[in-house]
Amino acid sequence: MSDLQKNSSRPSAERCPLCAAANRCAIAAGEPAESCWCFSSPVSREALGRLPGEERMARCICPDCAGVTEGL
Ligand SMILES: [Zn+2]
């Protein structure tokens, strides 16, 4: 297991770093990454650009902030 997976001191991985809503990330829920909504929906690059680098790697944003309105 990697340090990333063991580290529970981070702000909740299930929360969007932009608006703190549930991001519905499959990885945060312990499910395969391929089952995450972000695999089938385009994520707004503008939204990703608003994230600090460390958040971009550590947490998913929510579908709302990603600009996803379909298929959820
Ligand atoms: Zn959000």
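Residues numbered from 1 in each chain as written. Predicted model: local features only at pLDDT ≥ 70, side-chain atom pairs only at ≥ 80, totals over all residues. Heavy atoms only, no water.

1. Focus on the coordination of the zinc ion
Distances from the zinc ion to its protein donors, C16 (SG), C19 (SG), C62 (SG) and C65 (SG), fall at 2.2 to 2.4 Å. Considering all four donor atoms around the zinc ion, angles at the metal cover 101 to 122° and the coordination shape is tetrahedral. Each donor residue of the zinc ion belongs to the same chain, with the gaps between them written as C-x2-C-x42-C-x2-C. Placement of the pair is C19 in the loop between α1 (3-6) and α2 (37-40) and C65 in helix α5 (residues 63-66), with a sequence separation of 46 residues. (Donors = N, O, S within 2.8 Å, 3.2 Å for Na, K, Ca; no water. Tetrahedral: all angles 85-135°; square planar, octahedral: opposite > 155°, others 65-115°. Helix = DSSP H or I, 4+ residues; strand = E, 2+ residues; numbered from the N terminus.)

2. Side note on the nonpolar core
In summary, soluble globular proteins display a tendency toward joint burial of nonpolar side chains. C16, C25, A26, C36, W37, A47, L51, I61, C62, C65, A66 and V68 together form the largest nonpolar core, which totals twelve residues. Aside from chain neighbours lying at most four places away, what touches C16 is A21, N23, R59, C60, I61, C62 and C65. (Core = buried A, V, L, I, M, F, W, Y, C linked by side-chain atoms within 4.5 Å. Buried < 20%, exposed > 50% of the residue type's maximum accessible area, 1.4 Å probe, protein only. Contact = heavy atoms within 4.5 Å.)

3. Notes on unusual backbone geometry
Despite not being glycine, A20 has its phi angle at roughly 70°, a positive value. The topology assignment puts A20 in the loop between α1 and α2. Note on A20: relative accessible area 46%, which makes it partly exposed. Within the chain, R24 stands out as a residue other than glycine whose phi angle is a positive 60°.

4. Some remarks on the environment of T69
By the element assignment, T69 lies in the segment after α5. On the accessibility criterion, T69 (72% relative accessible area) is exposed. As for T69 and S41, which are separated by 28 residues in sequence, their C-alpha atoms are 9.2 Å apart.

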